[in-house]
Every structure is written in C-alpha cells, then in structure tokens.
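Architecture and fold: a report
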Amino acid sequence: MDSEDDMHDANDSADDDFYSGGEAGLAASDDGDADYDFADHDSDDSGELLSHRQQQNYSILSEVDINQRQEDDINRVSTVLSISKSEACVLLRYYNWSVSKVHDEWFADEERVRKVVGLPEKHIELPNDREVTCGICFESCPRGTMSAVACGHPFCSTCWRGYISTAINDGPGCLMLRCPDPSCAAAVGQDMINALADDEDKEKYGRYLRRSYIEDNRKTKWCPAPGCEYAVEFVMGSGSYDVNCNCSYGFCWNCTEEAHRPVDCATVSKWILKNSAESENMNWILANSKPCPKCKRPIEKNQGCMHITCTPPCKFEFCWLCLGPWSEHGERTGGFYACNRYESARQEGAYDESERRREMAKNSLERYTHYYERWAANQSSRQKALGDLQSLQNDKLEKLSDIQSQPESQLKFIIEAWLQIVECRRVLKWTYAYGFYLPDHEHAKRQFFEYLQGEAESGLERLHQCAEKELQVYLEAESPSKDFNDFRTKLAGLTSVTRNYFENLVRALETGLNDVGPSTSQGACSKSATSKSLGGKSKSGKNRASNTSSKSGASSRGVDDSNIWTCEQCTYANPKSAKACQACDRQHR
C-alpha cells in the first residue's frame, strides 16, 4: 500500500479520473520509452500525466451534432462557391463530404467537376407552353404540374413521385439520383426530394443523407456497439486508437473491434479468426482421432479395447494401435487384445511422421486451450464487473450513502475503482492473445512477459477483492462504520497503484519488451533492472519493489532478496525499511 500521504492524494484527485478522457487516456504512454515504471509516479510528474490523461483525440457526435456539422459544411461550400445549398450537397456527397477536396477540385477545373457530378452550368427552364408532354408517361399535363432538374427534361409530378419513391426504397443509392431521362446525367438534388416526395420518403432520404455524412467521411465512424446511434470523429495521427463511446462501449478506431491494447489490430484479427475458424476443429480431429485405414474417415476411440469397427458402409475392422486389419490379430501377434506390432513398427520408423503430426496437433491444441480459457475467463469477469458497476450506480451507492451518512459525491472513489477493474480486465484479457503469438524461441521475453502478467493478475485480484468483498461489509452494516475512511484510503490507493501498473504494462508490451535481451541471462538482467522501476519512488524517496513469484510458481526475483520482505497475505514484495505492506497495510513482523 502507498504511504498515507500518497493514498490521500489519490483520493483527492478523484475529480481528475483516468477515465474522464475515455480510453484515449492510455495514449499518454506512447512515448517509446523503454524504461517501464510499474507503480505510482513521482509527485513531480503527476500534473503532466494528468494533462495527458485529459487529452482526447476524438469527439462523440449525437444525431443533433451530425445534422449541425452537415449543415455547416453545406453552408460553407454554398457560400464559397456561390451555388445553391442543394448543389453544394450534391458536390459534398460526391467528394465524400470533404470540404477541402470540393474546393480543390472546383477551383482546379470547375467545368470538369460540373460534368462529372451532374450540375449543368446553365439552368434550362421548362417550355413556355400551356401543356407539356411528360417524358415517362407521355401524357400532356398542365405546365404547373410539371417539374425538371437543371437539365430541363419535363416529367409530371406523379411520375416524379414514383421515380423518387422507388429509388429511396431501393436504398442509399438514391443519394446519387440522376434525371429519369436515360441520356441525361443531371443530378437530382435534395430540393426536388423535399418538393415532391411524401413525408415517409423524405424522412428516409434524410436518414440516408445523415448516415452518408458519417460512413463516407474518413474522419468519422459509427460506434460499432449494437443499437448505439453515436458517431465518433477522430483526429488522425494522434497515437492511441482507443475510443470510449458515450454508450460506455470501448472500441479501436482502426479496426472497429473492441478496444484491445496492448495487442495490435493484426494480432486481434488473427486471434478472432482462430477462435471462430475451423482450424481448431481440425487440430482436435488430428489430436484425438485416427483415420480409418480403408476409407480414411477420422475415428475417435470411445471404448477401452483396441478392436475398432468403422461406421457403415465401410465397417472395416482394425487395430487402434497399429491400424492393421483385425483379422491379423490373434495369439501369434501378442494376444487377441494386445498388439506388439505397433512398438516394433514405430522403432522402425513406420509411424514416426503420423505420430509426430498427431503429437504436434495435440500440443498446439493444448496450448491454444490454455490461452483461450484465460482470455475467455477475463472477458467473463469483465462482463460481471460491468454488471456490478451498473448495480452499484443504480442502487447500492445510494444505500451505502444512507448507511455511512455520507453524500454520494464522496463515494466516487468506489466508482473509480470499478471502472479501473473493468479496464484492467480488458487489458489482462488481451495479454493472453499477446502471449499466444509471442514467439517460442524468445525465451527471455516470454519469461519476462509471464512475470509481468503474473504481477498484473496479482495486483488486479487485490483491487477486485477489496472493491467486491470488503465493500460488501459496509453495504451490510446497520450504522456508520468507524473504519470506513480507512477503507476509502485503501481502495483509492489500490486503484492508483493498479492503474499505473497497467498503464506501464501496456506501454511495455506495445514496445515489444524491447529492453529484454535475446539471451536468458540478458533477459534476467533486464528483468532485474525493470523490477527496480516496478515500485518507482514514493514521496519519501524510498524505492518500492515488486518481486512476486510468476503465475507458473517459479521464483522471479528482480532485486536482492536480502533487501525485501514478502507479505504473506498478498505476496507483495516490500523493501526492508517498510514496516507495513505497501499493498494491503499488513504489518511486518
């Protein structure tokens, strides 16, 4: 646990929450620094870090925002080019709502742009006759019931309505609608839609137009969460691609999958494909079945004896061990239920290749299962944490406020802790995809990665247990608890420590653990050096170190054991000068 001063600072800075800037706050770590500081930062750096966390490289747009921005762009083009708003809208749609692109192309060659887009320079009026023949139904209609776009081709209102309605019901292609005359390419603008279409079609057309503003614009995207109607405008080249929508869904701007730092988009794509593809089915078949020697269909052994009978219509009977015909198995081959031919054949090399492939498939499947189960378990824990957070916000926080006689504004530290748990579960989940694709031959990096991952799991479990189980004691209390302020200090401290550790873990993995040498000895040295920065410096200037054993149970000491003591309750490693555990306040005896 941090010193008391540190913990009060962590609580006092609640209003400057790491999540106030969405997941984009993690972008502050993208400075390429190879020295990973895995705990609280010096107080001198806190202001700089806070300003980084508050930076946001994206804007969330509601329907009202989209309409306003779209209208502003249309007005800007209309004013600069001295054309109607309807014509400006046609130009912007053609050039994917890029105002700068419209201006560049228009001033470079206005005549060419008009021809390509379908905006005749000269507007042709309808014939000045009492009756005009419609170009679709060929009926003579009063001039007042006829309409035409800039090209001047006349059509009656009934035919126009049918033409426009059919185009709108066919889909977003109606936004590029042209004159009904087959030989004409003049564009049909929104003014014609508003004048001739019914209310339902106008509403549908407006929805298509609004969606095109987001979908055709390279700077904007819809939030991929089901049912979400928010859009996101992103500032390209700003580092992190993580976006946190107002609907609370976090996703990657680059690939629109869920937020997945520290794993890159290519790895996420491979991992998702692997989880859903048939490759793992084939691996299971190779690992747990053998092909029938006659028809080659895979067979899984579901009984104890070695006598296998293939399913109809094959019905071939063979020995599971040597795959030879069962008719050749008897007393002379080692007994009716035994076969020693397999061992001799394997010694002669007859089955080496097939067994090697089967063993490789089995190992591959076991390895994939190991990482997938832990990936899925953290995803499940994250979903549960989201549910707990929602329940806390909707009901429990008010109840706790009444029990402890404190305003809800003073209980914000609990919400912050749960938000941090949700974020850390997401990061920890994706570290398993990272570990799966980490090359096997890089032993030093793998060892160091598993050490950092184990420390992350340990720290997150401490925070999760404090926010879940210890909080429950105060929720079930009948009167204000005297030690509630101690709980506040502890939970706020654990939140701060965990947040900083995970921020720097993400940075370390995103830079590929570059400070780890190719050899095991170099990796150990690097691990020792990095472990010194795991604890960083407290305000008193004392170094903190964390040298908990890795998940595999192997000792992973990064500093001299004689200078530290390990807490029995939480396994957090502390310097000898510390009288209490810096993670859980347990006294050193």
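Note that the structure is a prediction, hence the values are computed from the model and not measured. (Residues numbered from 1 in each chain as written. Predicted model: local features only at pLDDT ≥ 70, side-chain atom pairs only at ≥ 80, totals over all residues. Heavy atoms only, no water.)

This brings us to the pattern of salt bridges. Here the structure, examined in full by the defined rule, presents 18 salt bridges. Across the salt bridge formed by Glu-63 and Arg-210, the nearest N and O atoms sit 3.8 Å from each other. Separated by 147 residues along the polypeptide, Glu-63 in helix α3 (residues 63–81) and Arg-210 in helix α9 (residues 199–215) bring together distant segments of the chain. A residue is classified by how much of its surface remains accessible, and Arg-210, at 17% relative accessible area, is buried. (Salt bridge = Lys/Arg side-chain N within 4 Å of Asp/Glu carboxyl O. Helix = DSSP H or I, 4+ residues; strand = E, 2+ residues; numbered from the N terminus. Buried < 20%, exposed > 50% of the residue type's maximum accessible area, 1.4 Å probe, protein only.)

Together, Asp-395, Glu-398, Asp-402 and Glu-408 give the surface a local cluster of negative charge. When you line up the elements, Glu-398 lands in helix α13 (residues 352–404). (Patch = residues over 30% accessible without salt bridge, like charges linked within 9 Å, V, L, I, M, F, W, Y side chains within 5 Å. Areas by Shrake-Rupley, 256 points an atom, 1.4 Å probe, with all protein chains shown as cover. Lys, Arg positive; Asp, Glu negative; His and termini not counted. Charge placed at Lys NZ, Arg CZ, Asp CG, Glu CD.)

The subject of this paragraph is the packing of helix α4 (residues 85–94) against helix α6 (residues 110–117). In the contact formed by α4 and α6, the axes pass within 11 Å of each other and the chain directions differ by 85°. When the axes of α4 and α6 are compared, the pair comes out roughly perpendicular. Here α4 contributes Val-90, Leu-91 and Tyr-94 to the contact with α6, which in turn contributes Val-113, Val-116 and Val-117. Of the residues belonging to the contact of α4 with α6, the class tally is 6 nonpolar, no polar and no charged. (Axes fitted to C-alpha atoms, helices over the stretch in contact; angles between N-to-C directions. Parallel < 35°, antiparallel > 145°, perpendicular 65-115°, else oblique. Contact = heavy atoms within 4.5 Å. Nonpolar A, V, L, I, M, F, W, Y, C, P; charged D, E, K, R; others polar.)

The subject of this paragraph is the side chain of Lys-429. Structurally, Lys-429 is set in helix α14 (residues 412–436). For Lys-429, the side chain forms a polar contact with the side chain of Gln-379, separated by 2.8 Å. Apart from the residues lying within four places of it in its own chain, the contact partners of Lys-429 are Glu-258, Trp-375, Asn-378 and Gln-379. (Polar contact = N/O pair within 3.5 Å; in protein donor to acceptor, adjacent residues only side chain to side chain.)

One pass over the full model with this rule turns up 0 disulfides. Just so you know, Cys-151 is unpaired, no disulfide at all, and the nearest cysteine sulfur is the one on Cys-184, 3.5 Å from it. Here Cys-247 stays free of any disulfide, with the sulfur of Cys-228 as its closest cysteine sulfur at 3.6 Å. For Cys-247, a relative accessible area of 30% corresponds to the partly exposed category. (Disulfide = S-S within 2.5 Å.)

In space, the 3 strands of this open sheet follow the order β1-β7-β6, with antiparallel pairing throughout. Looking at which strands have only one partner, the edges of the open sheet turn out to be β1 (58–61) and β6 (220–222). Neighbouring strand axes in the sheet, compared pairwise and without regard to direction, differ in orientation by 25° on average. Looking at chain direction, β1 and strand β7 (residues 231–234) are connected through 4 bridges and run antiparallel. Counted as the bridge partner of Ile-60 is Val-232 from β7. Against the sheet, α3 makes contact with β1, β6 and β7, and its axis sits at roughly 105° relative to β1, the strand it touches most. In the packing of α9 onto the sheet, contacts are made with β6 and β7, and the angle to β6 comes to roughly 120°. (Pairing = 2+ DSSP bridges.)

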